[in-house]
Structures are given as C-alpha cells and as structure tokens.
Amino acid sequence: GDWLESRVKDDHEKQQQDSHVGGKDENIDRGNWTNKREYMLSMIGYAVGLGNVWRFPYLAYKNGGGAFLIPYVIMLAVAGIPLFFLESSFGQFCSQGPVNVWRALPVFQGVGVAMVLVSTLVGIYYNVIIAYSLYYMFASFQSPLPWSDCFYWSNSNCSLTPRGTYCLAVRWPISLSIPSLVALQRSSGLDETGPVVWHLALCLLLGWLLIAAALYKGIKSSGKVVYFTATFPYVVLLILLIRGVTLEGARDGIEFYIGSQSNLTKLGEAEVWRDAATQIFYSLSVAWGGVTALSSYNKFHNNVFKDALTVCLTNCGTSVFAGFAIFSILGHMAHVYGKPVSEVAQAGFGLAFIAYPDALSKLPISPLWSILFFFMLLTLGLDSQFAGIEVISTCLQDAFPERFKSKRSIISVGTCAILFLLGLPCVTQAGIYWVTLMDQFCAGFVLLIAALLELVGVFYFYGGNRFIKDIEMMIGTRSSLFWLWWRACWFFITPAVITVILVWSLLTFRPPSYGTVQYPAWGVALGWCMIAFCLIWIPLIAIWKILCAQGNPWQRMCAVCSPVEIWGPYLEVHRGERYADGQRYYRENSLHLPDNNVYHISNHLTRL
C-alpha cells in the first residue's frame, strides 16, 4: 500500500514536471496527442508540402494534363496508401519512433537509423527554403514589388522582356533558374563558397526560432500551432484561385494544366508512370520516419486505417487543387507576355521564386498577393519541418527515456540550434548549389531503399500475418476480403513498384547541375557519400546485432530476426495474451514498467 501510494505520488509529480504529458494522456511516459484534430492536422501538414504546389502542377501538364491523374491515382492506391498505412500502424502499435519500432526485428534497426539521418540532412537544407520564403515575404512589403521592374540596383543582365524558353520573371540580376542574385548573391559554382549572405542567415535563424518555439513542448505545443499552419495554405490557395479565374488568360492556363488539352496517348509512355509513382512516394513523406514518429503519440485504439486513408486522399486532392490556383495565374502571365503557357510554366525553385512571383506582380495590389503567396510557402514548409525535427527528438527520447523524459524542450531547442549551424554553408554565396545537391541526393535513393527494406522486413521476416493481427488489436477484427488487397500490396505490388523506380532511377541517373552550372566531380562524389553515410548503418547495425547475440551462428540469426522480449504495445493493458511474455520479462528483470499510472499499476498488482 505504501509502495503504491508513493508510486502514484511520483506519477503526479512527474506529470507536473513533464510539459509534454497531459493529465488525460493514456501514455504518461511519452504523452499523447491532446485530441484527434491535432494529430490529423499535423499529419496533413507533414504530407502537404512545397512539392504539392511547385512540383505536381508541372508534372501534370508535362505528362498529359488530366490524363496524368489516371497513373497518379493508381500509384496512390498501390504504393502511397499501403506505405502510409504500414508506417502509421507500426508507430501507433508500439508507441515508439522509427528506430525503436525495429525491436520487432532488431537486424533491421539500421533502416530506422537511415530514416532519421535522412530527416536530419533534409532538415538542414529544407529550412533554407523556408528562409528564402521569409526573405521574399519581407521584400513583398513594398510597392512596387522589387522584381516588377529594373530598378537602380539592376545591371545589364536585367531585362523587361522574355528570354530563352521562358520569361525572365525576377528582374534582378539573376540566372534564369534561380531566385534573385540580390537575395542569393550567387557565386559561379560550388568551388567558390564566398561569405555568408547575412540577410539569408538572419532569415534562416528566424526560421529555426519559429520551429523551436513551436516544438518547445513537443506535440503539446506543435499540435496547437498546426491549427493555423495546416489550414492557412488552403485559405490562400482558395483566394488565389478565385482571383486567378477572373483574370484574362486564366482559361488558357487551366486548359493547359488539366483541361481539354489532356493527352491520353501519354499513358503509353513509361516515364509518365514513373513520374506519378515518384510524386506519390515523395509527397506523402513515407520512409522519412515522420509518419511513424507522429503516429507513435496516438492512443492505442485509434482507427489508424481511417486516418491514413484521410491524410493520403487530402494530400493528393490538395495537389490537384493547387494546380488550378497556380495555372490560372500563369495563364494570365502568358497572356500578358503573349507567350504559350508552356514557356512560362516551371517546376521547383523556378515556379516558387521566379515564374509565380512575376505573375503576381502583374496583378492589382500585387504586394498583397505576393505576401499571401510567400506566407503560404512559409506555413507549408514549417509544417513539414515540425515533423522532421520531431523524428529526431522522438528517437532521442525513446533511446534514453530516463535521461530525456523531462527535457523535451532542451532536446528540441538544442536540435534546432545544431541544425542552424550546420545549415550556414547553405546561406553562403554557394548556398543554392548545396541546397540543390542535398535535395537531389539525400531525398532520393535512400528513401527508396529504406521503404523497400521496410516492406521486406515487416512482411517477409517479422511476418505479414502477425503484423495484420497487430493492427487488428488496435482497430478490431476485419474480414479476410478487407485484408486481401493490403496483402497483395504489401507482399508484392508495392515492393515491385519501388524496385522498378529504384532501378530506373539508377539507370537514368545524370550528374546534377544547377541551370547551366555543372557540379565538379568532388561535389558529385560528396553527394554519393551522403547516400553512403545514411545507408552504411543498415549493414553495420545488422552485423553488430548478430555479434552481440548469443549462441551459434544459426541461433544468432534467429535471435536478431525475432522480436525482442519487450516488443509489443507500450502499455500493459493493451498487450493481451499475445504479448504477455513481455510483461513477465519486465517483472523478472525488475525493469521499469511501461505503464505507470494509477489504473495500470493497480491492474498489474491485481494480476500478480
């Protein structure tokens, strides 16, 4: 009785100290989402990012307009949703991040480490794009817009007429494929680093301060911020769409995007299907670790299937919707220049920081539209960054629970500070080259390999039937017909799609370039080293796990290919008979119980 009273008192004191834990949380060790809305908004904000705005519309018109929706929807069904459902179920079932979920299969734990490293590297340069958005947003608070004419700071490179294959949208002294030289002060190549561009460094610092503030209390604080950051982009897109369709030439832009100019013959080209699969894969942010990390804070019996379906459909619907807002205004821009829409449409940086800002500068009250647009890019980027940093914090907390449990704010702030310092080379005069290099290498092959190994590990080693039973422990029993589709995807279709994308990407690889600037050989080699740095941990950790196991070689292999004793639902009340052995392991080894609130302690004592 005294022990239980002391334990309960300690629990109440711990809850007061741990700002990431709420009084109504089911799991008071790790905390839970305050409510379902915050989780869904966070997941939608994570999935819906800059690629939905600056990549999908371009791919659609490039690959047959409306016809592109056919392979896009098919790839969503056979690759996107199955992977998203897998990762969110995996994290929710055991309430662990992308590294500790591999207690289910220790030999594959390096896959989780690779995901964390990718999220870290991407977080370094992704925040630089947020810094660009901040700088352009601040620059928009003036009339006329700085890129609307050749002003006193321009030189002979500045032009008021279209150049090359598309318009010279930002009329500062620039290269056609980048934001303005005034913003970047771009050097001649990766070999010429140059000094830090101070205004971009300040914007980068501000971006990290915003992220650190939002993540100060973990999901308890970021869950409040996403009420605004996850919904505001939809408001802006709707405003831009309403304004865009009233402009002269808007119809041409929409027709070019997804209207009557759709080309069904494009469906016979293999590249169209590859582009659809690649866009689905990256836009849903699978294999980054974020889906697993965010889902790990769900309550155990949350309907993870319904949530995964909702997030995936919302993400893809947003891509299509954003295309109408983008191309209606690009159509007006093409009308003003007297050019075809194809000559003003671009992807990536070119769309976000050249073509679209130039189109907005042609509108009445252009500073207002520009501010809204770049603020939208800012919120889209912040949402994705929240989850990316949460991956790192969650893995540190799971790896050292007793040391970091009450230090969540320190972890978040410290992580942001370190990544800010690592990102300073990306805001030098050669910064845009580093951003492009990291984007092309870090967010490519590693994700494909990690996703493929994730599928192989869970369904061929851990066991597909076992994993399905795990899911049914959370969402209830489903019919065999329901699981027939998911079995087909998880065991065969999805791995085959990823394998084809991976092989094709390797066969069609071309050395990266930035506009007309070619990367030096050492830069390309460095890119491959980034990939190797992320992937090398997969075999190293597998070997280390085998060496640490006991018995003969066969026994060691069997041990590392089987779940550890403590694998299963985090709380005892959810473990049931299937995972009761894990609780006996806790008792026999005097380990800290994973469920330490009054109800679960009382239940445990009753069972004893």
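Since the structure is predicted, the reported quantities are computational estimates derived from the model, not experimental observations. (Residues numbered from 1 in each chain as written. Predicted model: local features only at pLDDT ≥ 70, side-chain atom pairs only at ≥ 80, totals over all residues. Heavy atoms only, no water.)

Draft legend 1. Layout of the UniProt feature "binding site: Na(+)" (unreviewed entry) in the protein chain. UniProt's feature table lists "binding site: Na(+)" (unreviewed entry) at G45, A47, V48, N52, S283, N315, L380, D383 and S384, given in the numbering used throughout. These residues run over 340 residues, yet every pair of their C-alpha atoms falls within 13.2 Å of each other. Checked against the element boundaries, N52 lands in helix α3 (residues 50-54). Residue N52 is classed as buried on the basis of its relative accessible area of 2%. Beyond its immediate sequence surroundings of up to four residues, N52 is in contact with A47, P57, N315, S319 and A322. Of note, N315 is situated in helix α14 (residues 304-337). Residue N315 is classed as buried on the basis of its relative accessible area, which comes to 0%. Ignoring any residue separated from it by four or fewer positions in sequence, one finds N315 in contact with A47, V48, N52, S283 and L284. (UniProt positions renumbered as here; feature names shortened; annotations may be inferred. Helix = DSSP H or I, 4+ residues; strand = E, 2+ residues; numbered from the N terminus. Buried < 20%, exposed > 50% of the residue type's maximum accessible area, 1.4 Å probe, protein only. Contact = heavy atoms within 4.5 Å.)

Draft legend 2. Just the pattern of salt bridges, in detail. Following the criterion strictly, the structure yields 10 salt bridges and no others. Across the pair D275 and R274 runs a salt bridge, and its minimum N-O distance is 3.8 Å. Neither residue differs from the other here; D275 and R274 are each classed as buried. A salt bridge links K362 to D358; its shortest N-O distance comes to 2.8 Å. (Salt bridge = Lys/Arg side-chain N within 4 Å of Asp/Glu carboxyl O.)

Draft legend 3. Seen up close, the packing of aromatic side chains. Evaluated as defined, the whole model comprises 47 aromatic pairs. For the pair F56 and Y72, a centre-to-centre distance of 4.7 Å together with 50° between the ring planes defines the contact as tilted. Here F56, found in helix α4 (residues 56-62), pairs with Y72, found in helix α5 (residues 69-94); they are 16 residues apart in sequence, far enough to count as distant. We classify F56 as buried; its relative accessible area is 0%. Sitting over the ring of Y297, R30 keeps its end group 4.5 Å from the ring centre. The ring centre of Y462 lies 4.8 Å from the NZ or CZ of R466, which sits over that ring. (Phe/Tyr/Trp six-rings, centres within 6.5 Å; stacked < 30°, edge-to-face > 60°. Lys NZ or Arg CZ within 6 Å of the ring centre and 35° of its normal.)

Draft legend 4. Quick peek at α14. For α14, which comprises 34 residues, the first-to-last C-alpha distance of 49 Å matches the rise-based estimate of 50 Å (1.5 Å per residue) to within 8%. Burial of α14 is extensive: 24 of the 34 residues sit out of reach of the surface. (Expected span 1.5 Å × (residues − 1).)

Draft legend 5. Broad picture of the side chain of Q92. Tracing the backbone through its elements, the reader meets Q92 in helix α5. Within the structure, the side chain of Q92 is placed 3.1 Å from the side chain of N298, a separation counted as a polar contact. One polar contact links the side chain of Q92 to the main-chain carbonyl oxygen of N302, over a distance of 2.8 Å. Setting aside its immediate chain neighbours within four residues, Q92 contacts S295, S296, N298, K299, F300, H301, N302, V304 and M474. (Polar contact = N/O pair within 3.5 Å; in protein donor to acceptor, adjacent residues only side chain to side chain.)

Draft legend 6. Summary view of α5. The end-to-end C-alpha separation of α5 is 36 Å, in line with the 38 Å expected for 26 residues at 1.5 Å each. Within α5, the axis deviates most sharply at L76, by approximately 45°. Along α5, 21 of the 26 residues are buried, which leaves the element largely enclosed by surrounding structure. Phi turns positive one or two residues past the end of α5, at S95, with a value near 55°. (Bend = angle between axes of the 7 residues up to and from the residue.)

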